[in-house]
Amino acid sequence: MATTAGAAPTAMDEKARRTRDLLASFYNTDPAAAGAVPASPARPSPAASSVSPLESINSASFNPDVYMDVLVQQSNLEGLLQGHVKMAAEIKNLDTDLQMLVYENYNKFISATDTIKRMKTNIVGMETNMEQLLGKITSVQSRSDTVNTSLFNKRENIEKLHRTRNLLRKVQFIYDLPTRLNKCIKAEAYADAVKFFTGAKPIFEAYGDSSFQDCKKASEEAMGLVIQHLQAKLYSDSEPIEARAEAVVLLKQLNFPVDNLKSNLLEKLEDCLLNFQNKPTNASIGDISKTFRAYLIIFPDSERRLIELAHALFTNRYETVRETLKERIPSTDLLAMLRGLWEDATAIDEVIPEAALPAFSLETTRDIIRQHIATAFLHLQTEISDVLIRTHSTSNEKLEESQLQTAMEKSKIKVSQGCIDLLQEFHHLIDGDTELIVKLKGLIIDWVQEGFQDFFQKLDVHFHLLSGRSKSLSQESNTMDSVQIDKIPTVLVLMLAQLCVFIEQTTIPKVTEDLAASFSGGGVRSYEYGPPFVPGEICRLYRSSGEKFLNHYINMKTQKISKLLNKRFSTPIWIKHKEPREVNMFVDLLLLEFNGVVSEVKQILPGLIRRHRHSDSTGSTTSSRSNPMREDMLNRSNTNRTRSQFLENHLAKLFEQKMEIFTKVEYTQESVISAVLKLCLKSLQEFVRLQTFNRSGFQQIQLDMEFLKSSLKEFIDDEAAISFLLKEVNNAAHERCLDPIPLEAPILDKLINAKLAKIKEQGPNV
């Protein structure tokens, strides 16, 4: 591949070089090449001798005889034919290129000829017009000189009169100045009074002691009153800070000492800024910027203090915005506040650029928006948790048939709709083309994507906390504290498992689609951190957590039922058990607990439509559907022969096909119900192995297992596996029995029918 890639550019360079040489020879642009004398075929030039004959075909020293001799010597017939074909193709391409060059230049020559013809046509008659124009310009210039000469004396007199008039106006202004100043004092137009007096001050300094002595004295008395009024305004608390600043400016223009007022005025400015922060409607940021500008003019050395005041003002205002985030305000309201602060900071920056308020505002705005996004995700997690907590606050009570299903749907809606609402909220943050949005749009997009990644990860951790599990707890661990099991509602764990499936299959794809549509184009983060939102990773996380919760639910239910079974099963003294009259109480307890499992599972998990009832699993049907041991034992009354038959059955089991009892649990009603029942029967088998039975005790276990076999058919999908486990319980009792003589079939059927009739009479109260 590298050789091919390198050969292609080389071929292109060769073709370009040959094209340039062709153009140079056509237009004769290279005098050296045009005037060069080709080398003799018999004696090549020294330069050509250093080049291979096969490579000098495009050079000026090319010798066709030598080229052919070398080519014949170095190539076979097939190579010569290929060279012939290649050279013919190149000649054809060169002819085509040369023809195209001639055609293109021909069109250009025609266009240039037409242009020259049009220029000749337009220039005809222009010389005559230019001569006429020159004559007219000369005539105008001569007449203008005549007029200037005749008006020169009059113009000089007019200028003298104009200067005299201006001087008289100034003199009149000086005489009228005291009257003007008194009018300004009455109208409180102190700025005009200062402007008039400072304008006349140079004249008073020059002629105040002679010609305008009275005017100067009267004007100074009037300005004394102006200074008194300005001082009174400066020290008055009722005057706004802008009016005080204006008074200081005017006093400074009158050379009145104002440096001693600096501390007092800065304190007043602090009070003004505090009032603006508490009641922004009483003043505008424009007024404050004007005040800052006035202070900089009055006190040039107060810049540092003004910068501190500006930073303190905006720090307090941004802190107020942070406080509002605790109430989870809408994104539009937050953006409006931040946009207003940004505009205010920009306005102040025009007066005090050294304060760098836009940079400070941008950095603070970034932190606030990031906090707003994180707070929104935290609130959503809290709302989801509240829905689940309300569920387990009522889960220990007697629930109606649809309550769990309703709670499950509410949880799904809260997760899905909550994410959609957040996306709509965050979309307002990037919807706009203002300067602030343009600067932060990329970061906001990254924060939203990072927020969803972090939200789903933290929500998964929270689900584990609600279930009583920690993230370090392995899926295979089936041990759990009994106190913890009693405190944690099992239905909550089942809801968490189904909610994980919903998040993986529905919520994550929807969020991914919306992020791609509205929040793409971020990438402000450094590339080494990877993409902000990785849906595949989140899906794998919730797929794993869902399986853990489902197995955790099965383990919790199994341990709870097994604990009750152990207590009930270990109470009777089986070695002294009386002849069975009815089904044991532990069977009723098992069915009661199992009905509770069925009720929870049916409301939360989806069910499968049964096309037919499974009659077998992957193992032998004979060992799970029939009861050959009972039939064989009915034909034998001798205990020794019965035990001998039992040994034969054990030997036969070694050669039977192995049955797969415990398979992977699916998110279906049948799978979870079967898993719980299988584990409970397996526990029951272990409890039986810890007891010793007499004949009646063994017969009681036989009766109980046969009743369970008929009672559990409507709940289970894998009937063969359940039958096999019931048989294993019966076999365990047979092993632990001192005299394993089973009940006869008629008696067994009679007792089972009696129990079924009793249950039917009790009806729904059971």
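Undergrad: Describe the overall build of the protein chain, listing the residues and the values that go with them.
TA: Looking only at helices and strands, one finds 27 helices and zero strands in the protein chain. Here the protein chain holds 766 residues, and the buried ones make up 37% of them. Here the contacts in the protein chain between residues at least 6 apart in sequence split such that 81% fall between residues at least 24 apart. As displayed, the protein chain offers around 44,800 Å² of accessible surface, 54% of which is attributable to carbon and sulfur atoms.

Undergrad: Provide a residue-level description of the pattern of salt bridges, including the pertinent values.
TA: Within this structure, the stated rule accounts for 15 salt bridges. E450 is paired through a salt bridge with R370; the nearest N and O atoms lie 3.8 Å apart. Here the residue E450 occupies a position in helix α16 (residues 435–466), and R370 occupies one in helix α14 (residues 357–394), the gap between them amounting to 80 residues. By relative accessible area, which is 45% here, R370 ends up partly exposed. With a closest N to O distance of 3.6 Å, K510 and D514 form a salt bridge. Separated by four residues within a single helix, K510 and D514 lie in helix α18 (residues 490–518), roughly one turn from each other. Taking relative accessible area as the criterion, K510 reaches 34% and is therefore assigned partly exposed.

Undergrad: Explain the nonpolar core residue by residue, including any values.
TA: Core analysis: the largest hydrophobic core is formed by 126 residues, its most contacted members being F452, F456 and F463. Ranked by size, the runner-up nonpolar core spans 24 residues in total, among them Y190, C215, A222 and L230.

Undergrad: Got a sec to walk through the packing of α18 against helix α19 (residues 535–569)? Specific residues and values, please.
TA: At a closest axis distance of 8 Å, the pairing of α18 and α19 adopts a crossing angle of 165°. On the basis of the axis angle, α18 is roughly antiparallel to α19. For the element pair α18 and α19, the recorded crossing hand is left-handed.

Undergrad: So what's going on with the packing of helix α20 (residues 585–604) against helix α24 (residues 669–689)? Which residues, and what values?
TA: Relative orientation and spacing of two packed helices are given, respectively, by the angle between their axes and the distance between those axes. Where α20 contacts α24, the axes come no closer than 10 Å and their chain directions differ by 155°. By the angle class used here, α20 and α24 are roughly antiparallel. Note that α20 runs across α24; the crossing there is right-handed. Here F586, L590, F594, V597, V598, V601 and K602 of α20 lie close against α24, whose contacting residues are Q669, V672, I673, V676, L677, C680 and L684. For the contact of α20 with α24, a count of residues per class yields 12 nonpolar, one polar and one charged.

Undergrad: Can you lay out the side chain of S683 for me, pointing to particular residues and giving the numbers?
TA: Relative to the assigned elements, S683 resides in helix α24. Overall, S683 belongs to the buried group, its relative accessible area being 18%. If sequence neighbours within four positions are ignored, S683 has contacts with T558 and S562.

Undergrad: Talk me through the packing of aromatic side chains; I want residue IDs and the actual numbers.
TA: Tallying each qualifying case throughout the model produces nine aromatic pairs. Ring centres 5.4 Å apart and planes at 50° place the aromatic pair F377 and F426 in the tilted group. In this pair, F377 sits in helix α14 while F426 sits in helix α15 (residues 403–430), placing the two residues 49 residues apart along the sequence. Taking the relative accessible area as the measure of exposure, F377 reaches 6% and is therefore buried. Owing to a relative accessible area of 0%, F426 belongs among the buried residues under this scheme. One aromatic cluster in this structure is built from F377, F426, F452, F455, F456 and Y542.

Undergrad: Can you lay out the environment of T434 for me, pointing to particular residues and giving the numbers?
TA: With respect to the helices and strands, T434 occurs in the loop between α15 and α16. For T434, a relative accessible area of 27% gives the class partly exposed. Between the C-alpha atoms of T434 and R339, which are 95 residues apart in sequence, the distance is 8.5 Å.

Undergrad: A description of the environment of F707 should follow, citing residues and the corresponding values.
TA: Tracing the backbone through its elements, the reader meets F707 in helix α25 (residues 695–711). Considered as a pair, F707 and L751 are 44 residues apart in the sequence and their alpha carbons are 9.0 Å apart. Non-local contacts of F707, meaning those with residues more than four positions away in its chain, are made with V583, V587, L591, I752, K755, L756 and I759.

Undergrad: Describe in detail the environment of R390, supporting the description with residues and values.
TA: Residue placement: R390 occurs in helix α14. Separated by 17 residues in sequence, R390 and A407 place their C-alpha atoms 8.8 Å apart.

Undergrad: Describe in detail helix α7 (residues 190–207), supporting the description with residues and values.
TA: Counted at 1.5 Å a residue, the expected span for α7 with its 18 residues is 26 Å, and the 25 Å between its end C-alpha atoms agrees. By the largest-angle criterion, K201 marks the main kink of α7, which is about 40°, and a proline, P202, follows within four residues. Here α7 has its buried residues at Y190, A193, V194, F196, F197, A200 and F204.

Undergrad: Run through the confidence of the model for the protein chain, naming residues and quoting values.
TA: Within the protein chain, residue pLDDT values average 76, and 75% of them lie at 70 or more. Of all the helices and strands in the protein chain, helix α21 (residues 622–625) carries the lowest mean pLDDT, 36, while α18 carries the highest, 89. Within the model, pLDDT remains below 50 along residues 1–8, and this stretch shows zero contacts once partners closer than five positions in the same chain are excluded. The low-confidence segment residues 654–659, where pLDDT is below 50, has 14 contacts with residues more than four positions distant or belonging to other chains.

Undergrad: I'd like a rundown of unusual backbone geometry, residues and numbers included.
TA: In this model, E188 sits at a positive phi of 60°, which is unusual for a non-glycine residue. One non-glycine residue, A356, adopts positive backbone phi at about 55°. Counting through the fold element by element, A356 comes out in the loop between α13 (331–351) and α14.

Undergrad: Help me get a handle on a nonpolar patch on the surface, residues and values and all.
TA: A cluster of nonpolar side chains, M119, I123, M126, M130, L133 and I137, forms an exposed patch at the surface whose accessible area comes to about 600 Å². Of all the secondary-structure elements, those providing two or more residues to the nonpolar patch are α5 (77–123) and α6 (126–187). Looking at which element gives the most residues to the nonpolar patch, the answer is α6, with four residues. With respect to the secondary-structure elements, M126 resides in helix α6. By relative accessible area, M126 is classed as partly exposed at 44%.

Reading guide: rules and limits
Residues numbered from 1 in each chain as written. Predicted model: local features only at pLDDT ≥ 70, side-chain atom pairs only at ≥ 80, totals over all residues. Heavy atoms only, no water. Helix = DSSP H or I, 4+ residues; strand = E, 2+ residues; numbered from the N terminus. Buried < 20%, exposed > 50% of the residue type's maximum accessible area, 1.4 Å probe, protein only. Contact = heavy atoms within 4.5 Å. Areas by Shrake-Rupley, 256 points an atom, 1.4 Å probe, with all protein chains shown as cover. Salt bridge = Lys/Arg side-chain N within 4 Å of Asp/Glu carboxyl O. Core = buried A, V, L, I, M, F, W, Y, C linked by side-chain atoms within 4.5 Å. Axes fitted to C-alpha atoms, helices over the stretch in contact; angles between N-to-C directions. Parallel < 35°, antiparallel > 145°, perpendicular 65-115°, else oblique. Left-handed = near helix turned anticlockwise from the far one by under 90°. Nonpolar A, V, L, I, M, F, W, Y, C, P; charged D, E, K, R; others polar. Phe/Tyr/Trp six-rings, centres within 6.5 Å; stacked < 30°, edge-to-face > 60°. Expected span 1.5 Å × (residues − 1). Bend = angle between axes of the 7 residues up to and from the residue. pLDDT = per-residue confidence, 0-100. Patch = residues over 30% accessible without salt bridge, like charges linked within 9 Å, V, L, I, M, F, W, Y side chains within 5 Å.

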